[in-house]
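# Fold and contact review
Single-letter residue listing:
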Amino acid sequence: MAERLSAEARKSALVELPGWSETAGREAIARTFTFKDFNEAFGFMSRAALVAEKNDHHPEWKNVYKTVEVVLATHDAGGVTRRDIDLAKAMNAIAGQLGVA
Ligand SMILES: C[C@H](O)[C@H](O)[C@H]1CNC2=NC(N)=NC(=O)C2=N1
């Protein structure tokens, strides 16, 4: 089972996660992605969903038209773990391939 990261470890992990930040009032990380249109936003979600399913680690997310708000935390650990960092990195890579840095 993945271990919760310390505040320090979370902060240093975020250095390598452009666009991501800690959420207020909850041990989690979040990013809002804005794509060209709904088609690209949904394409991002489709690809990210496959990664999440493969890793058995799932996002909390909301899609409104071309934006996707993502919150990541490890429910079993009650905070942020490496699994969240790894999924955030994968999401940034997928968004990058869609032209969203
Ligand atoms: C049974 C299943 O492996 C667990 O419920 C997985 C599913 N996906 C998950 N996703 C997230 N974000 N946190 C979890 O603790 C988690 N646990």
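Heads up: the structure comes first, above all this text.
Now for a quick tour of the structure. None of the values given here were measured: they were computed from a predicted structure.

Backbone geometry places Asp56, a non-glycine residue, at a positive phi of 50°. If you trace the backbone, Asp56 turns up in the loop between helix H2 (38-55) and strand S3 (60-64). Phi at Tyr65 is positive, roughly 55°, even though this residue is not glycine. With respect to the helices, strands and loops of the structure, Tyr65 is situated in the loop between S3 and strand S4 (67-72).

Another aspect to go through is the side chain of Asn92. Relative to the elements of secondary structure, Asn92 occurs in helix H3 (residues 82-97). What makes Asn92 buried here is its relative accessible area of 15%. Apart from the residues within four sequence positions on either side, Asn92 is in contact with Leu17, Pro18, Trp20, Arg31 and Phe33.

Conventions we followed
- Residues numbered from 1 in each chain as written.
- Predicted model: local features only at pLDDT ≥ 70, side-chain atom pairs only at ≥ 80, totals over all residues.
- Heavy atoms only, no water.
- Helix = DSSP H or I, 4+ residues; strand = E, 2+ residues; numbered from the N terminus.
- Buried < 20%, exposed > 50% of the residue type's maximum accessible area, 1.4 Å probe, protein only.
- Contact = heavy atoms within 4.5 Å.

That is the geometry; function is a separate question.
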